[in-house]
Amino acid sequence: MLNFSELYPCSNQARMAQLLDGMWKFRFDPEEKGLQEGWQHKLPDPISMPVPASFSDFFTTKEERDFCGDFWYETEVFIPREWEKQELEIRFGSITHRAGVYCNGSLTTTHEGGFLPVVARVTDHVKFGEINTFIVKANNELNEESLPCGATMVLSDGRKLARPYFDFFNYSGIQRSVWLVSKPGESIEDFIVDYELNGEDAIVHYQIITNGNHDVSFELYDEDKQQVAKSTGTKGSVTVSKAHLWNVGKAYLYQAVMRIWDGETLIDEYSSKIGIRTVKIAGKEIQINGKAVYLKGFGKHEDFEVIGRGFSWGVLKRDFECMKWIGANCFRTSHYPYAEEWYQFADEEGFLIIDEVPAVGMMRSTRNFADAGTGKFTRFFETPTVPNLLKNHLQAVEEMIVRDKNHPSVIAWSLFNEPETTSEESKEYFTKIFAAARTLDPQNRPMTGAFEKNSQPELCKCYQLCDFICLNRYYGWYIKGGPELVDAREAFLIEMNKWKDKNLNIPFVFTEFGTDTMAAEHKLPSIMWSQEYQNEYLDMNFEIFDQFEFVQGELVWNFADFQTTEGIMRVNGNKKGIFNRVRQPKSAAFVLKKRWESLD
Ligand SMILES: O=C(O)[C@H]1O[C@@H](Oc2ccc([N+](=O)[O-])cc2)[C@H](O)[C@@H](O)[C@@H]1O
C-alpha cells in the first residue's frame with residue numbers, strides 16, 4: 001500500500017491545485033556537502049533552472065551536462081491564510097532518480113525511482129500567510145539495485161560519470177510538473193473503475209477510497225454534461241444505458257464526480273475523465289470491446305532538444321499530430337512510465353498505450369547497451385544486489401499501476417525491457433514480479449515484457465509469464481545487416497517458425513525493430529544508415545510479420561531520434577527515429593503511413 005495519494009491534482013469547491021512550474025534555483029553538490037552546510041534551508045549562490053526540464057542540455061560545459069551525483073532545487077511559494085484548514089501537499093510528477101523534499105528546512109519525504117510521482121504532505125511545516133521555501137535534494141547516480149540499471153564510475157579528476165546499461169541519456173532533474181495541492185483533511189485518496197458490457201449498456205463498477213467514514217456519492221456525466229448515472233456508497237455498480245464506448249481512434253470520455261458528504265455539507269470532491277471499454281486477450285487476438293485490434297505505432301522516448309526529458313505540452317501535441325498523420329494507434333512508454341499528461345491526452349485521442357516500468361538495463365554491459373547483442377551472459381540475477389533490485393522493481397510496478405489504472409488508453413503493463421531471461425534465477429525473479437503485479441490492477445489488463453534476441457523460444461524461461469509476447473528484433477541491423485539482408489530474413493523466419501511450432505495461441509507484438517538512419521543520407525543502391533536502407537529493412541520485416549497470424553502488432557523503434565550516452569555505436573544519439581529529433585519525417589515515415597493506412 002502506498003502511503004500517499006497518487007491522484008492527479010484538480011481544483012474545485014473542495015480542493016485547490018497550484019502549478020509551481022517556472023524558473024527555480026539550482027545547485028550541483030559534487031562534494032555532497034549540502035546537508036552539513038544546511039542547504040536544505042537555503043541554497044548558497046544558486047543558479048537558475050527551468051522546471052520541468054532535464055538540467056543537462058542547458059549547459060555549455062561537459063562537467064555540467066554530464067553531471068552525476070547530488071544536485072539541489074529551490075523555490076519559494078506564498079501560501080494564503082485561506083488554506084489554513086486544509087491539508088497541503090507538494091506533488092512532483094517525478095524527480096530523477098531519487099530525492100528528499102524539504103519544506104522550510106524540514107525533510108518531508110524521500111523517494112526512490114525517477115519516473116513516478118513524489119508526494120510530500122507538508123501541512124505541519126508550512127507557514128500560512130507567508131512565503132515558504134521548498135528545497136529538493138536529488139541524485140542521479142546509477143547502480144544495479146535501482147531502476148533503470150547501470151553503474152557510476154569515477155574519473156581520475158574525481159568526477160562521477162553515469163554508465164548506463166541502457167541506450168538513452170541519463171537525463172535528470174525535476175522533469176515533470178510540480179503542484180501545490182490543498183485538500184480537506186478527510187479526502188478522496190483514490191478511486192477504481194472497471195467495466196462490463198451488457199448489450200448496448202455498460203456496467204461501471206466503482207470504488208472510492210477515502211481516509212474517513214462519511215457518506216460518499218458517485219456520479220457520471222456524458223460529454224454533453226448530462227448526468228447518466230448516480231450512486232452512493234464507497235463501492236458499487238451503476239448501469240449506463242446505451243453507453244458510448246471508448247474506442248481506438250474514437251475516444252468517448254465520461255466525467256466521474258466523487259464527493260464526500262457530511263449530511264448536506266460537502267467535505268471533498270474529486271473528478272476525473274474515464275473511458276468505458278474492455279481489454280482482453282482472446283486466443284491470438286488483442287481485443288478492445290470484444291473486437292480485435294492490430295497495434296500500429298512506436299516505441300517512444302520522452303526526449304527533445306534543449307529540454308531533454310522535460311515535459312512539454314508542445315512536444316506532446318506535435319508527437320500526437322505526427323502519430324495520427326502516419327496512421328498509428330499505439331505506443332509503448334519505453335522505457336519508463338511517462339508524464340501523466342501523455343496518458344490523459346491518449347485518453348482524449350483514442351490511442352492505446354503499453355505502459356512500461358523503468359526495468360531496463362538488467363544485463364551487465366560495459367559499453368552502454370552495446371553488449372546486448374553479443375549474447376554474453378552476465379548472470380545479472382545471481383548477485384547480492386538482487387533483493388534490493390526486486391524491492392525497487394516491485395515498488396515501481398505498484399506505483400505505476402496505482403497511478404495509471406483508470407486510463408482507458410492503457411491496455412497492457414510491460415514489466416521489463418530486454419533483461420536476461422535464460423537463467424533459473426531470472427525466472428524466479430520475474431515470477432515474483434508478475435505474481436505481485438497481477439494482484440494490483442482492478443481491470444486485470446494483460447501483462448507482458450519486451451524480450452531481446454537472446455530470449456529465443458528454446459532458451460527463454462520467462463515468456464511463459466506473459467499474456468502476450470513482445471519481441472525486440474533487429475534482424476537486418478544488429479544481425480546480418482546491409483548486404484546480408486536476405487540472410488537476415490532467413491534467420492528471422494527460422495526464429496518465427498520456432499515460435500509458431502510452440503502453438504502458444506497468444507498474440508505476439510513486435511515492440512522494437514528498426515535501423516539507425518541519418519535523416520540527410522541517401523544512397524542508391526542502399527547502404528546501412530541511408531534512408532533507402534531503412535525502407536528496405538522495414539519492407540522485409542513487414543513481409544515476415546504478415547506471414548504469421550499470431551503477430552498482432554508492430555511498434556517500430558523509434559518514433560524519433562533521441563539522445564544517448566556518447567560512444568562508438570551512436571552518432572550524437574540513436575538515429576532509429578522514423579522522425580528526426582525535431583519531429584520532421586524521414587523517408588520511412590511515408591512507407592509506414594502507406595502501410596498503416598492500408599491495414600485499416
Ligand atoms: O539498439 C537500439 O536502438 C534499441 O534496442 C534495444 O537494445 C538493443 C541493443 C543491442 C541489440 N543488439 O546488439 O542486438 C539489441 C537490442 C533497446 O531496448 C533500446 O533501448 C535501444 O535503443
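Residues numbered from 1 in each chain as written. Predicted model: local features only at pLDDT ≥ 70, side-chain atom pairs only at ≥ 80, totals over all residues. Heavy atoms only, no water.

- You'll find the protein entered in an unreviewed UniProt entry as Beta-glucuronidase, with Lacrimispora defluvii given as the organism.
- Within the UniProt record for the protein, the comment given under Sequence similarities (unreviewed entry) is "Belongs to the glycosyl hydrolase 2 family." (UniProt positions renumbered as here; feature names shortened; annotations may be inferred.)

### Concerning the site of the ligand
Here is step 1 of the chain: Lining the immediate environment of the ligand, one finds 16 residues, of which D167, H335, Y478, E512 and K576 sit closest.
Here is step 2 of the chain: At a separation of 2.7 Å, an oxygen atom of the ligand approaches a polar side-chain atom of E512.
Here is step 3 of the chain: N574 places a side-chain nitrogen or oxygen 2.8 Å from an oxygen atom of the ligand.
Here is step 4 of the chain: By residue class, the composition of the shell around the ligand is six nonpolar, five polar and five charged. (Near = heavy atom within 4 Å. Polar contact = N/O pair within 3.5 Å; in protein donor to acceptor, adjacent residues only side chain to side chain. Nonpolar A, V, L, I, M, F, W, Y, C, P; charged D, E, K, R; others polar.)

### Observations concerning the sheet that holds strand β15 (residues 215-221)
Here is step 1 of the chain: Read from one edge to the other, the open sheet built from four strands follows the order β16-β15-β18-β19, with strand pairing classed as antiparallel. Edge strands, defined here as strands with exactly one partner in the open sheet, are β16 (227-232) and β19 (265-274). Averaged over all pairs of adjacent strands, the angle between strand axes in this sheet comes to 15°, irrespective of strand direction.
Here is step 2 of the chain: Where β15 meets β16, five bridges bridge the pair, whose relative direction is antiparallel. Within the sheet, the bridge partner assigned to S217 lies in β16 and is T232. (Pairing = 2+ DSSP bridges. Helix = DSSP H or I, 4+ residues; strand = E, 2+ residues; numbered from the N terminus. Axes fitted to C-alpha atoms, helices over the stretch in contact; angles between N-to-C directions.)

### Points about the sheet that holds strand β23 (residues 295-299)
Here is step 1 of the chain: One closed barrel holds the eight strands; their spatial order is β23-β24-β25-β26-β27-β28-β29-β30, and the pairing between them is parallel. Across the sheet, the mean angle separating the axes of adjacent strands is 25° when strand polarity is ignored.
Here is step 2 of the chain: The strands touched by helix α5 (residues 424-437) within the sheet are β26 (410-417) and β27 (447-451), with β26 carrying the most contacts at an inclination of about 155°. (Contact = heavy atoms within 4.5 Å.)

### Thoughts on helix α6 (residues 485-501)
Side chains three or four residues apart in an α-helix point the same way, a direct result of the helix having 3.6 residues per turn.
Here is step 1 of the chain: An ideal rise of 1.5 Å per residue puts 24 Å on 17 residues; α6 measures up with 24 Å between its terminal C-alpha atoms.
Here is step 2 of the chain: Of all the positions in α6, only L485, A488, A491, F492, L493, E495, M496 and W499 are classed as buried.
Here is step 3 of the chain: The secondary structure elements touched by the buried residues of α6 are β28 (469-472), β29 (508-512), α7 (531-545) and β30 (551-557).
Here is step 4 of the chain: With its phi angle positive at about 50°, N503 sits one or two positions after the end of α6. (Expected span 1.5 Å × (residues − 1). Buried < 20%, exposed > 50% of the residue type's maximum accessible area, 1.4 Å probe, protein only.)

### With respect to the packing of aromatic side chains
Here is step 1 of the chain: Here the structure, examined in full by the defined rule, presents 57 aromatic pairs.
Here is step 2 of the chain: Between Y336 and Y338, the ring centres sit 5.3 Å apart and the planes meet at 40°, which makes this aromatic pair tilted.
Here is step 3 of the chain: Overall, the relative accessible area of 0% leaves Y336 in the buried class.
Here is step 4 of the chain: Overall, the relative accessible area of 0% leaves Y338 in the buried class.
Here is step 5 of the chain: Seen in terms of ring centroids, F380 and F381 are 5.3 Å apart; in terms of plane orientation they differ by 80°. Their pairing is edge-to-face.
Here is step 6 of the chain: Taking relative accessible area as the criterion, F381 reaches 5% and is therefore assigned buried. (Phe/Tyr/Trp six-rings, centres within 6.5 Å; stacked < 30°, edge-to-face > 60°.)

### Section: the packing of helix α2 (residues 313-326) against helix α3 (residues 340-349)
Here is step 1 of the chain: With their axes 11 Å apart at the nearest point, α2 and α3 run at an angle of 35° to one another. Our pair here, α2 against α3, has a crossing hand that is right-handed. Of α3, the residues touching α2 (which contributes W313, L316, D319, F320 and K324) are E341, W342, Q344, F345, A346 and E349.
Here is step 2 of the chain: Grouping the amino acids of the contact of α2 with α3 by side-chain chemistry returns six nonpolar, one polar and four charged. (Left-handed = near helix turned anticlockwise from the far one by under 90°.)

### So, the pairing of strand β5 (residues 87-92)
Here is the key point about a regular strand: its side chains alternate between the two faces of the sheet.
Here is step 1 of the chain: Along β5, five of the six residues are buried, which leaves the element largely enclosed by surrounding structure.
Here is step 2 of the chain: With six bridges joining them, β5 and strand β12 (residues 178-183) adopt antiparallel strand pairing. Within β12, the residue paired with F92 across the bridge is V178.
Here is step 3 of the chain: The pairing of β5 with strand β8 (residues 118-121) spans four bridges and is antiparallel. When the sheet's bridge partners are listed, E89 is paired in β8 with R121.

### Regarding the UniProt feature "domain: Glycosyl hydrolases family 2 sugar binding" (unreviewed entry) in the protein
Here is step 1 of the chain: Following the UniProt record, one finds the feature "domain: Glycosyl hydrolases family 2 sugar binding" (unreviewed entry) at residues 19-184.
Here is step 2 of the chain: With 2% helix and 44% strand, the stretch residues 19-184 has end C-alpha atoms that lie 18 Å from each other.

### Looking at the packing of α6 against α7
Here is step 1 of the chain: It is at 11 Å that the axes of α6 and α7 come closest, and there the two elements cross at 30°. As summarised for this structure, α6 and α7 are arranged roughly parallel, according to the angle between their axes. For α6 against α7, the interelement crossing comes out right-handed. On α7, the residues that touch L485, A488, R489, F492, L493 and M496 of α6 are Y533, E536, Y537, M540, N541, E543, I544 and F545.
Here is step 2 of the chain: A class-by-class count of the residues in the contact of α6 with α7 yields 10 nonpolar, one polar and three charged. (Parallel < 35°, antiparallel > 145°, perpendicular 65-115°, else oblique.)

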